[in-house]
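One-letter residues, chain by chain:
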Amino acid sequence: MKLYNSKTQEQVSFVQAVKLGLGRERGLFCPSFIPIFTNMDELLEMPFVIRNQKIIRSFIEDEIGGSKVDELVRKSFTFLPRLVRATPRMFALELYHGPTFAFKDYGARFMAQCLSLLAGKEKITILTATSGDTGAAVADAFYGLSNIRVVILYPKNKISPLQEKLFCTLGKNIETLAVNGDFDICQSLVKAAFEDEELKNKLKLNSANSINFSRLLAQICYYFEGVARFREFYGNKILPVVSVPCGNFGNITAGFYAKALGLPIKRFVATTNANDTVPRFLQTSKWEPHKTIATITNAMDVSEPSNWERVVEHFNKMLVHAIGNNWQMNEGNIQGISISDAQTIAAMKALHKNGYVAEPHTAIASCGLSKSLKADEAGIFLSTAHPAKFKEIIEQTLGIQIFLPEKLELASKKKILSIDFNPSFEELKKYLLA
């Protein structure tokens, strides 16, 4: 498949995009074309892994071969999403049943398999920023791979204790830097590193967050599973409204790609916390990021989401071939809703009254969906992390006890190995080269 750099329009192959991660001038790689599935009913009836092989083959089979795609998918998708009814008209698509209990496992594992295949004996440095779950998923996916060094930046004291324990206690080829700043600063440092020719050439730099297109390719797949399970309740009579908790906007970008492939979704709700740059943009058409606000949904504390660039490219260039000119960036197709901490707490309590326990990021998505749904509609909200990863706030808010899965229990007792780090690019460069 061909992708293009959103800043320079330079075209690259999928293999090049995976190896480079980020393009020149901080450009993101975007697909030049998205195929369309005309046999959607048949596709949605397939088992999860077989369907995923079909989806990903449609993008990259011509470049790396069908048998290699099938092997990548088999090794990556070893756990299933689950669709659970949370209220009479709202369903949680639980994406946290992987090894680090967060939706990031899907993209990180697929990317690790891709790089392992494509890199061969070449030594690669993965440099990535995380606002929470990306770090754990990336660390788990790449841990112990001898030819890959992983350096993860995260905002000090701004992620949950269990999130930190999952990826900052491993050692070996996993290095973690606790940056004195917010996620946007971490992300800015990573992007600056990718613009430095010396670093890129000496270290073969790559990024494992949603900057890397391979992760988005994997994330497309669970939207299909969600709609397939939704049909078990409604058949073809109701198309789901899908609410996505949005931080860096990679997750919802994958959803737009899924819809372009032909997946029957009525509209998307881009639900943010108080960092509401996108909801305000959708209302005013003005891009005006504010200073990042710390909230109880730390993984979404992003005021300048990188992947919004891909969303704009998608609406401007991609959808014409797939759906026609009538799928514009308006409230009929994408609605932006900002949810406060108080509303998040209220949503957690409302879900619990219905018998469903959700951590704050999931609760935000449910609240956005609830605000968006009309009387004749039903929908899906993405549940992106296991409740146990936010044990403290859930127990405090709901007055219940949350038991940790065994892996989280073991991680909680380990020593943090992170290095405290001031947000200086020169210091980061010196560290990486050392």
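The following refers to the structure shown. Computed from a prediction, not measured in an experiment: that's the story for all the values here.

What to know about the overall build of the protein chain
So, point 1. Within the protein chain one finds 18 helices and 14 strands.
So, point 2. Its C-alpha atoms give the protein chain a radius of gyration of 20 Å, near enough to 22 Å, the size a compact globule of 434 residues would have.
So, point 3. Taking the principal axes of its C-alpha atoms as reference, the protein chain extends roughly 60 × 50 × 45 Å.
So, point 4. A total of 434 residues make up the protein chain; the buried ones form 62% of that total.
So, point 5. When the accessible area of the protein chain is evaluated, it comes to approximately 16500 Å², of which 50% is carbon and sulfur surface.
So, point 6. For the protein chain, the distance from the average position of its 51 positive side-chain charges to the average position of its 43 negative side-chain charges is 2 Å.

With respect to the nonpolar core
So, point 1. Ranked by internal contacts, the top residues of the largest apolar core, which has 128 residues, are Ile 126, Phe 142, Ile 220, Tyr 223 and Phe 224.
So, point 2. With 13 residues, helix H10 (residues 213-234) is the largest single contributor of residues to this core.
So, point 3. Setting aside its immediate chain neighbours within four residues, Ile 220 contacts Ile 55, Phe 59, Ala 254, Tyr 257, Ala 258 and Leu 261.
So, point 4. With 22 residues, the next largest nonpolar core counts Leu 22, Ala 129, Cys 186 and Leu 428 among its residues.

Focus: the state of the cysteines
So, point 1. Applying the stated criterion across every chain, the model contains 0 disulfides.
So, point 2. Cys 221 takes part in no disulfide bond, and the closest cysteine sulfur to it belongs to Cys 114, at a distance of 11 Å.
So, point 3. For Cys 246, which is in no disulfide, the shortest distance to another cysteine sulfur is to Cys 367 and amounts to 14 Å.

A short note on the sheet that holds strand E11 (residues 267-272)
So, point 1. A sheet is described by the order of its strands in space; here 6 strands give the open sequence E4-E5-E13-E10-E11-E12, paired in mixed fashion. Each having just a single partner strand, strand E4 (82-87) and strand E12 (334-338) make up the two edges of the open sheet. On average, adjacent strands in this sheet sit at an angle of 25° to one another, irrespective of strand direction.
So, point 2. In this sheet, strand E13 (residues 379-383) lies alongside strand E5 (residues 90-94) in parallel orientation, the contact comprising 5 bridges. By the bridge assignment, Glu 94 is partnered in E13 with Ser 383.

A look at the environment of Ala 274
So, point 1. With respect to the helices and strands, Ala 274 occurs in the loop between E11 and helix H12 (277-284).
So, point 2. Its relative accessible area of 31% is what places Ala 274 among the partly exposed residues.
So, point 3. Along the backbone, Ala 274 and Ala 363 are 89 residues apart, and their C-alpha atoms lie at a distance of 14 Å.
So, point 4. Among residues more than four places away in sequence, those in contact with Ala 274 are Ile 293, Thr 295, Ser 338 and Ile 339.

Topic: the sheet that holds strand E6 (residues 124-129)
So, point 1. Spatial ordering of the open sheet is given by E9-E6-E7-E8-E14, a layout of 5 strands whose pairing is parallel. With one partner strand each, in any of the chains shown, strand E9 (205-206) and strand E14 (419-421) form the two edges of the open sheet.
So, point 2. Where strand E8 (residues 174-179) lies against E14, 3 bridges are found, and the strand directions are parallel. Within the sheet, the bridge partner assigned to Val 179 lies in E14 and is Phe 421.
So, point 3. Those strands touched by helix H18 (residues 425-433) are E6, strand E7 (148-155), E8 and E14, and its axis lies near 155° from that of E7.

Focus on helix H5 (residues 104-119)
So, point 1. Over its 16 residues, H5 extends 22 Å from the first C-alpha to the last, a length consistent with the 22 Å expected when each residue adds 1.5 Å.
So, point 2. Within H5, 12 of the 16 residues are buried, which leaves it mostly tucked inside the rest of the structure.
So, point 3. Among all positions in H5, only Lys 104, Asp 105, Tyr 106, Gly 107, Ala 108, Phe 110, Met 111, Ala 112, Cys 114, Leu 115, Leu 118 and Ala 119 are buried.
So, point 4. Positive phi appears at Gly 120, one or two residues downstream of H5, with a value of about 65°.

Re the pairing of E12
So, point 1. Of all 5 residues making up E12, 4 are buried, and the element is well covered by its neighbours.
So, point 2. Of the strand pairs in this sheet, E11 and E12 are connected by 5 bridges, and their pairing is parallel. Residue pairing for E12: Phe 268 is matched across the bridge by Ile 334.

Focus: the pattern of salt bridges
One side chain can pair with another of opposite charge once the charged atoms of both are near each other.
So, point 1. Under the counting rule described, the total for this entry stands at 24 salt bridges.
So, point 2. The partner of Glu 232 in a salt bridge is Arg 229, with the nearest N and O atoms 2.6 Å apart. With a gap of 3 residues between them, Glu 232 and Arg 229 both fall in helix H10, about one helical turn apart.
So, point 3. Each of Arg 51, Glu 225, Arg 229 and Glu 232 takes part in one network of salt bridges that share partners.

Points about the packing of aromatic side chains
So, point 1. Tallying each qualifying case throughout the model produces 21 aromatic pairs.
So, point 2. Where Tyr 106 meets Tyr 222, the ring centres are 5.2 Å apart and the plane angle is 65°; that geometry is what we call edge-to-face. Here Tyr 106 is found in helix H5, whereas its partner Tyr 222 is found in helix H10, with 116 residues between them in sequence.
So, point 3. The exposure class of Tyr 106 is buried, given its relative accessible area of 1%.
So, point 4. A relative accessible area of 0% means that Tyr 222 is categorised as buried.

The rules we used
Residues numbered from 1 in each chain as written. Predicted model: local features only at pLDDT ≥ 70, side-chain atom pairs only at ≥ 80, totals over all residues. Heavy atoms only, no water. Helix = DSSP H or I, 4+ residues; strand = E, 2+ residues; numbered from the N terminus. Rg over C-alpha atoms; globule rule 2.2 N^0.38 Å. Buried < 20%, exposed > 50% of the residue type's maximum accessible area, 1.4 Å probe, protein only. Areas by Shrake-Rupley, 256 points an atom, 1.4 Å probe, with all protein chains shown as cover. Lys, Arg positive; Asp, Glu negative; His and termini not counted. Charge placed at Lys NZ, Arg CZ, Asp CG, Glu CD. Core = buried A, V, L, I, M, F, W, Y, C linked by side-chain atoms within 4.5 Å. Contact = heavy atoms within 4.5 Å. Disulfide = S-S within 2.5 Å. Pairing = 2+ DSSP bridges. Axes fitted to C-alpha atoms, helices over the stretch in contact; angles between N-to-C directions. Expected span 1.5 Å × (residues − 1). Salt bridge = Lys/Arg side-chain N within 4 Å of Asp/Glu carboxyl O. Phe/Tyr/Trp six-rings, centres within 6.5 Å; stacked < 30°, edge-to-face > 60°.

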